[in-house]
Amino acid sequence: MSPDRRQNRPEMRLAFDLTALHDRRTGVGAFAREVLTRVARHDDIDVVGYSVSWRGRNVSDLGPAGVRVATRPMAARPLRELWRRFDWPPITWWTGPVDVVHGPNFVVPPAHGAGALATVHDLTFIRYPELCTPDVLQYGALLRRAVRRGAHMHTVSQFVADEVVDAFAVESSRVHVVPNGVDPIEPGDAAVGCRLAGGDRYVLALGTIEPRKDLPSLVAAFDALAGADHELRLIVAGQDGWGTNSFDQAAGRAHHRERIVRLGFVDDASRAALLAGASAFAYPSKYEGFGLAPLEAMAAGIPVVTTRTGALPEVLGDAARFVPPGAVDELAAALAAVLDDSPARSALVTAGRARAARYSWDECADGIVRVYQRLC
């Protein structure tokens, strides 16, 4: 290689999994998008994206500016079966030679001669397998194989890091804690939010409808409040997932079901409007590795009621009202307390804004890049 070519060559060649970007914005998709966008701005990192999906045929427009894309299709099911058992085929068959490969959604493929990093958002597939789909249940075997071939783990909280060390018997020096960031919340139109909700006073829940979020308990807590609070509504906005039937059945049994509104997936403008108009934000999760949705609510100035489980106390600190998972009566009481226009509510809003301001996508991406550099 000539001196000029050597001088212009990036210091690092990175392969980054784009698979999560095929779907609508979710927690994992938001993480992948925000980190990748910022990493791609580094002049000293040459990024090539790949998609472990037959949809990889249409992956060329997924990556942000500055990201090359490997467009050869990858069949997810057979590849995962191979990667669970063998260190083959290497991702470099699709991407060409790289120094580091990053799987931002649990799965990091083999890459001979390259450092490997898998982001682990939670261990639901180990702690609560009954709450997982068959695809998610594969993560344990895939991560164990990755650990055996020397991969490092990135976790979004210290809580998950401790779980990873315990579950996979991996050295703590190979587990790197870099918290997620929080998007700046554009001021939403509260009037639009109330119009979407069908009323001026509502409890808001955001996120994919799945068993881990325990929305049936929220329905029961709302039902307990709604008899005495005739204006109160419950708004659930999020795409359908595994668990939609349980939520629909709970809502159908509710005495005040006419005031339970399920909006489905909403765009960013509607999301901001709903947050702006909400009286309270509810997040009754059974288990959580971080807690992006309640942080976004805090950034928007909405008091948050959530569960004391997983990483939520670590991430949210004293800026939320906590109840035990599955405790319907306590959830109802906590919601009633923050719905009142009281000093306690104002204190939660102030503490919530300050807490959310501690989390930055720029700092998250910088932390991830430092891990890449270590792996190089």
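That block above? That's the structure.
In this text, all values refer to a predicted model and were calculated from it rather than measured experimentally.

As a further point, take the layout of surface pockets. Here the second largest pocket is characterised by a volume of approximately 290 Å³. Forming the boundary of the second largest pocket are twelve residues, of which Asp183, Pro184, Ile185, Glu186 and Asp268 lie nearest the centre. The element that contributes the greatest number of residues to the lining of the second largest pocket is helix α12 (residues 268–277), accounting for five residues.

Attention now goes to empty space enclosed by the protein. Enumeration according to the criterion identifies two cavities of 30 Å³ or more in this entry. Of the pockets and cavities examined, the largest cavity occupies roughly 90 Å³. Lining the largest cavity are Ala205, Leu206, Gly207, Thr208, Lys213, Leu215, Val236, Ala282, Tyr283, Pro284 and Ser285. For the lining of the largest cavity, the secondary-structure elements that each account for two or more residues are β8 (202–206) and β11 (280–283). The residue makeup of the lining of the largest cavity, split by class, is seven nonpolar, three polar and one charged. Forming the boundary of the second largest cavity are Asp214, Ser217, Pro284, Thr307, Val323, Pro324, Gly326, Ala327, Val328 and Leu331. In terms of residue class, the lining of the second largest cavity is built from six nonpolar, three polar and one charged.

For helix α16 (residues 343–356), with 14 residues, the first-to-last C-alpha span of 20 Å sits near the 20 Å given by 1.5 Å per residue. Looking only at α16, the buried set comprises Arg345, Leu348, Val349, Gly352, Arg355 and Ala356. Take α16 and look down its axis: the buried residues cluster within an arc of 130°, on one side only. Those residues of α16 that are exposed and aimed more than 90 degrees away from the buried face are Pro343 and Thr350. Its buried side turned inward, α16 meets α13 (292–299), β12 (304–307), α14 (312–316), β13 (321–323) and α15 (328–339).

Next up on the list: a nonpolar patch on the surface. A cluster of nonpolar side chains, contributed by Phe86, Trp88 and Trp93, occupies part of the molecular surface with about 360 Å² of accessible area. Summarising the element assignment, Trp93 is placed in helix α4 (residues 92–95). Residue class for Trp93 comes out partly exposed when judged on its relative accessible area of 45%.

Rules and cut-offs
Residues numbered from 1 in each chain as written. Predicted model: local features only at pLDDT ≥ 70, side-chain atom pairs only at ≥ 80, totals over all residues. Heavy atoms only, no water. 1 Å grid on protein atoms, 1.4 Å probe; cavity = no way out; pocket = protein on both sides within 12 Å on 5 of 7 lines; lining within 4 Å. Points joined across faces, edges and corners; volume = space filled by probe spheres on them. Helix = DSSP H or I, 4+ residues; strand = E, 2+ residues; numbered from the N terminus. Nonpolar A, V, L, I, M, F, W, Y, C, P; charged D, E, K, R; others polar. Expected span 1.5 Å × (residues − 1). Buried < 20%, exposed > 50% of the residue type's maximum accessible area, 1.4 Å probe, protein only. Arc of directions from axis to C-beta. Contact = heavy atoms within 4.5 Å. Patch = residues over 30% accessible without salt bridge, like charges linked within 9 Å, V, L, I, M, F, W, Y side chains within 5 Å. Areas by Shrake-Rupley, 256 points an atom, 1.4 Å probe, with all protein chains shown as cover. Salt bridge = Lys/Arg side-chain N within 4 Å of Asp/Glu carboxyl O.

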